[in-house]
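# Close look at the chain arrangement
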Amino acid sequence: MNRSAPSLCALGHRAAMAAVITLAVAGSAYTADIPLDQRRSGYADLGRDSKAMQDDDTVNPATLWVLDGEVLWNQKAGAANRACADCHGDATTSMKGVAARYPAFSPARNGPIDLEQRINLCRTERQQAPPLPFESRDLLALTAFVGRQSRGMAIAEASDERLKPFIEAGRKLFTQRLGQINLSCAQCHDDNWGKRLAGVLLPQGHPNGYPLYRLEWQGVGSLQRRLRNCLIGMRAEPYEYGAPENVNMELFLMWRARGLKIETTAVRP
Amino acid sequence: MARPLINVPAKVKRGQIFEIKTLISHVMETGYRYSTTGERIPRDIVTLFSCSYNGEEIFRADLYPAMSANPFIAFFTMATESGTLEFKWTGDNGFSETATATITVE
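Computed from a prediction, not measured in an experiment: that's the story for all the values here.

### Some details on the environment of alanine 85 of chain A
Residues and elements named next belong to chain A.
- Structurally, alanine 85 is set in helix H5 (residues 84-88).
- Between the C-alpha atom of alanine 85 and that of leucine 72, which follows or precedes it by 13 residues, the distance is 9.3 Å.
- In contact with alanine 85, other than residues within four places in its own chain, are Trp73 and Asn74.

### Notes on the pairing of strand S4 (residues 46-53) of chain B
All names here are of chain B.
- Burial within S4 is extensive, with six of its eight residues counted as buried.
- Pairing of S4 with strand S5 (residues 56-62), which is carried by six bridges, proceeds in the antiparallel orientation. Residue pairing for S5: tyrosine 53 is matched across the bridge by glutamate 56.

### Looking at the sheet that holds strand S1 (residues 5-7) of chain B
Residue and element names in this part refer to chain B.
- Spatially, the three strands line up as an open sheet ordered S1-S3-S6, and their pairing is antiparallel. Every other strand in the sheet has two partners, leaving S1 and strand S6 (72-78) as the edge strands with one partner each. Taking the axes of each pair of neighbouring strands and ignoring which way they run, one obtains an average angle of 15 degrees across the sheet.
- Pairing analysis gives seven bridges linking strand S3 (residues 17-23) to S6, with the strands arranged antiparallel. Opposite lysine 21, over in S6, you have alanine 74 as the bridge partner.

### Regarding the interface of chain A and chain B
- Between chain A and chain B, the contact holds 19 residues from the first and 17 residues from the second.
- Inspection of the region where chain A meets chain B yields one salt bridge.
- For aspartate 56 of chain A, the salt bridge goes to lysine 21 of chain B, with nearest N and O atoms at 2.9 Å.
- Put simply, chain A and chain B have five residue pairs in polar contact (both at pLDDT 80 or more) between them.
- When contributions to the side of chain A that touches chain B are tallied by element, the ones reaching two or more residues are helix H4 (62-73) and helix H8 (137-148) of chain A.
- Ranked by residue count, the leading element in the side of chain A that touches chain B is H4 of chain A, at six residues.
- Classifying every residue of the side of chain A that touches chain B gives eight nonpolar, five polar and six charged.

### Let's talk about the side chain of glutamine 149 of chain A
Residues and elements named next belong to chain A.
- By secondary structure assignment, the location of glutamine 149 is in the loop between H8 and helix H9 (164-175).
- What makes glutamine 149 buried here is its relative accessible area of 13%.
- For glutamine 149, the side chain forms a polar contact with the main-chain oxygen of phenylalanine 145, separated by 2.9 Å.
- Excluding residues within four positions of it along the chain, glutamine 149 makes contact with Ala91, Thr92, Met95, Lys96 and Gly97.

### Side note on the packing of aromatic side chains
Residues and elements named next belong to chain A.
- All chains considered together, the criterion is met by 12 aromatic pairs over all chains.
- Measuring from ring centre to ring centre gives 6.4 Å for phenylalanine 105 and phenylalanine 166, while their planes differ by 50 degrees; the resulting arrangement is tilted. In this pair, phenylalanine 105 is assigned in strand S1 (residues 104-106) and phenylalanine 166 in helix H9, connecting sequence segments 61 residues apart.
- Residue phenylalanine 105 is classed as buried on the basis of its relative accessible area of 15%.

### Examining the pairing of strand S7 (residues 83-91) of chain B
All names here are of chain B.
- For S4 and S7, the ladder comprises seven bridges, and the chain directions are antiparallel. Pairing of tyrosine 53 across the sheet is with leucine 85, part of S7.
- Note: S7 against strand S8 (residues 95-105), nine bridges, orientation antiparallel. When the sheet's bridge partners are listed, lysine 88 is paired in S8 with threonine 98.
- As consecutive antiparallel partners, S7 and S8 are separated by three residues, and within that stretch asparagine 93 has a phi angle of approximately 55 degrees, a positive value.

### Comments concerning the pattern of salt bridges
All names here are of chain A.
- Enumeration over the complete set of coordinates arrives at 19 salt bridges over all chains.
- The residue arginine 137 makes a salt bridge to aspartate 68 at a minimum N-O spacing of 2.8 Å. You can see arginine 137 sitting in helix H8 and its partner aspartate 68 sitting in helix H4, a full 69 residues away along the chain.
- Residue arginine 137 is classed as partly exposed on the basis of its relative accessible area of 28%.
- Using a relative accessible area of 3% as the deciding quantity, one classes aspartate 68 as buried.
- Here arginine 214 ties to glutamate 216 by a salt bridge, and the two come within 3.2 Å at their closest N and O atoms. The residues arginine 214 and glutamate 216 share a single accessibility class, namely buried.
- Taken together, the salt bridges that share partners define one network made up of Asp33, Glu168 and Arg171.

### What about the confidence of the model for chain A?
Residues and elements named next belong to chain A.
- Averaged over every residue, the pLDDT of chain A is 90; residues scoring 70 or more account for 88%.
- Contacts for the low-pLDDT stretch residues 1-6, under 50 throughout, to residues beyond four places or in other chains number 21 contacts.
- In this model, residues 24-29 is a region of pLDDT below 50 whose contacts with residues beyond four sequence positions or in other chains number four contacts.

### Thoughts on H8 of chain A
Residues and elements named next belong to chain A.
- Taking 1.5 Å of rise per residue, the 12 residues of H8 would be expected to cover 16 Å, and the 16 Å separating its terminal C-alpha atoms lies within 8% of that figure.
- Taken together, the buried positions of H8 are occupied by Leu139, Leu140, Ala141, Leu142, Thr143, Ala144, Phe145, Val146, Gly147 and Arg148.
- The inward-facing, buried residues of H8 contact H4, H5, helix H6 (91-94), helix H7 (115-126) and strand S6 (219-221).

Rules of the game
- Residues numbered from 1 in each chain as written.
- Chains lettered and ligands numbered in written order.
- Predicted model: local features only at pLDDT ≥ 70, side-chain atom pairs only at ≥ 80, totals over all residues.
- Heavy atoms only, no water.
- Helix = DSSP H or I, 4+ residues; strand = E, 2+ residues; numbered from the N terminus.
- Contact = heavy atoms within 4.5 Å.
- Buried < 20%, exposed > 50% of the residue type's maximum accessible area, 1.4 Å probe, protein only.
- Pairing = 2+ DSSP bridges.
- Axes fitted to C-alpha atoms, helices over the stretch in contact; angles between N-to-C directions.
- Salt bridge = Lys/Arg side-chain N within 4 Å of Asp/Glu carboxyl O.
- Polar contact = N/O pair within 3.5 Å; in protein donor to acceptor, adjacent residues only side chain to side chain.
- Nonpolar A, V, L, I, M, F, W, Y, C, P; charged D, E, K, R; others polar.
- Phe/Tyr/Trp six-rings, centres within 6.5 Å; stacked < 30°, edge-to-face > 60°.
- pLDDT = per-residue confidence, 0-100.
- Expected span 1.5 Å × (residues − 1).

This is the structure in structure tokens:
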């Protein structure tokens, strides 16, 4: 239901080429990570109206998803006829801080899994129900509901040694040039944040508000959807939902945003 | 799951002007878009919103395809008597949703 094309795609061909040339010059000296004290949430770049929309839960349309998620949390599902609440109890206490430390290492997968995958693992293993499709209303609702419980908490620094190689894999992808435009994520979000790509402000690209309500989407979407958007804008082939590349990237982005406050469910243009 | 979200103050003083905020979950499909296979996606929007205060209509709005998804409608009224605010949304494909809120006027 993507009502309009991703922002990079929306640029005219000439504007895109100009951007490539500018970035090719700027990108020749990769400046590495943003200093910790210079990192800022995308919230700081919002207009007054969008800020007001995010700040007031009765105005933030993502609240509709959170409320749906609360219903699903208490609803029995699957052959086990169990609800999330039957094991985890009151989400306001049991899920507090969970979104701040995901993606986390899963011994079963021998790699990181994100919050959506964790919810689906619970569904298949504990509830014996079919997994919810990525970007389905129900999965977004549950993730938004679980994520909301960590709002205001700082993103935890990944202390699990087993995650290190996956963070590095994510970093490699972040700095790798991709697609027909031959851009890397880092060229925009590390080297040129705060500047404009045509009329669009380049944010630092922190994942601290997902799942979030994006005005362009007219709905709530996951971080993986956003990553796929960016890749399509770079005219690269996006990775499938749930692909290890996407999860590694999510993990790296969370590491990169460590210490920033969770804003789930945020509002972004 | 289209639970509307209503925000009104629980208590207001008589004669005071207060704000009513409503938010409802709806795709508001314009009818102007095409699917990936080239078929037109039929229009599916909320066409009418109304609010009554103790049975008397105080606000009404016609909605059109240019409205965003999940329409948010906020408006003001003056507190006269304690009672009930009733909200009603109707739209394409027999869409109908109601909500109520109670208000105490002191």
